[in-house]
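Notes for the structure review
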Amino acid sequence: MHWLATFGLNYGLFLAKAATLVAAIAIVVIVLTSSAISLRREKNRRLVVERVNDRLERMADTLSDALLNDAEKKARAKQRKKETKQKQKAEKLGKKHPPQRLFVLDFDGDIRASAVDGLRESINALLQVAESDDEVLLRLESGGGMVHSYGLAASQLVRLRDAGIRLTVAVDQVAASGGYMMACVGDRIVAAPFAIIGSIGVVAQLPNFNRWLSDKHIDFEMHTAGDYKRTLTVFGENTDAGREKFREELEDTHGLFKAFVARHRPDLDIDSVATGEHWYGSQALEKGLVDDIATSDAVMLGAARDGRDVFTIATHTPQGLIARLTGQTSRVLAKTLHEQGLTRAEIGRSTH
């Protein structure tokens, strides 16, 4: 029986070593595969540009063809031909036509403001071709997210302002917390009547399982160097001193948020709106949080009617199924949190 026990022990050790080796190889393969996928996505990233005027004209033509009679269609074609000749003549004479362009960017925010990578690339491209009389329209939809992530996104927009390029921000549904941190950078903010605007505040929350662990006679140890390396924890016993320090950090973050908004919208009564509340577009206009009530479509159509070329610019990166599902889950979670009164920028501090 002794030899059987020895065999069993040796076999168990062999299996353990084999399992460890397989796990190590699997980890290496996963890391290499992930790196290869990231490099491939970076290589395949491309800029997608569409002239909106062409799409609008096609839509108008389709509708007109159904509504106009033959004589009216002939008159319209004659007018179009005349306008085309005038434009070609002006171009031959060296005249710039139209005098301005409107570049349209999109930002659909999640908790981590992951769309900032595409925004960065689009702005990098724009800064190389845009002129001082051009304008950028940012179609912004975000309930906020992590403080540092949205701080970076807002900083990307500041680059446009620093380059002397006029920036208009359009909010059709929501620009709250970190979303408003981005919006306030614009020279002009327009919002739909019932868009959610504001939520200039910071909140953090986390559960604590210390009493439950104690009841189960489970010890939890955490060792730090520095008095405030960790203030509040999930499993440790929190102290009043730690709570006070944590609240102090939240107030500091709120102060930085307020200062940033006040710097970009100096006429705003920051103390009256930096309460963490949000308002609908019409109310936000009264408080000075936005400048006009309009939708992004109205801004784009108005520019096209004024004879300006309107271009949408987007950075497209192919994504796998997991990435698409993760992004969708993040957006659903963000909407749920906002409905509960917790914007994404406000929960960004909960990972402290």
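This text gives an overview of the structure that appears in the document. (Residues numbered from 1 in each chain as written. Predicted model: local features only at pLDDT ≥ 70, side-chain atom pairs only at ≥ 80, totals over all residues. Heavy atoms only, no water.)

1. Examining helix α4 (residues 116–129)
- Here α4 contains 14 residues, and its C-alpha end-to-end distance of 20 Å stays within 8% of the 20 Å for a straight helix at 1.5 Å per residue.
- Within α4, burial applies to V116, L119, S122, I123 and L126. For α4, the angular spread of the buried residues around the axis is 120°, confining them to a single face.
- As for α4, its buried residues are in contact with β1 (46–51), β2 (101–108), β3 (135–141), α5 (147–162), α6 (178–183) and β10 (309–316). (Helix = DSSP H or I, 4+ residues; strand = E, 2+ residues; numbered from the N terminus. Expected span 1.5 Å × (residues − 1). Buried < 20%, exposed > 50% of the residue type's maximum accessible area, 1.4 Å probe, protein only. Arc of directions from axis to C-beta. Contact = heavy atoms within 4.5 Å.)

2. Observations concerning the packing of α4 against α5
- Packing of α4 against α5 brings their axes to within 10 Å, and their N-to-C directions diverge by 10°. Overall, the two elements α4 and α5 adopt an arrangement that is roughly parallel. Along its contact with α4, which presents V116, L119, R120, I123, N124 and L127, the element α5 presents L152, A153, Q156, L157, R159 and L160.
- Here the residues of the contact of α4 with α5 sort into eight nonpolar, two polar and two charged. (Axes fitted to C-alpha atoms, helices over the stretch in contact; angles between N-to-C directions. Parallel < 35°, antiparallel > 145°, perpendicular 65-115°, else oblique. Nonpolar A, V, L, I, M, F, W, Y, C, P; charged D, E, K, R; others polar.)

3. Considerations on the layout of surface pockets
- Taken as a whole, the second largest pocket holds about 540 Å³ of empty space.
- In terms of lining residues, the second largest pocket is bounded by 20 residues, among which R51, N53, E57, E83 and A304 are the most central.
- At the level of elements, α2 (52–67), α3 (70–92) and α11 (296–305) are the ones that each hand at least two residues to the lining of the second largest pocket.
- Tallying contributions element by element places α3 first for the lining of the second largest pocket, with six residues.
- Taken together, the residues of the lining of the second largest pocket break down into five nonpolar, five polar and 10 charged. (1 Å grid on protein atoms, 1.4 Å probe; cavity = no way out; pocket = protein on both sides within 12 Å on 5 of 7 lines; lining within 4 Å. Points joined across faces, edges and corners; volume = space filled by probe spheres on them.)

By themselves, these observations are geometric and do not establish any function.
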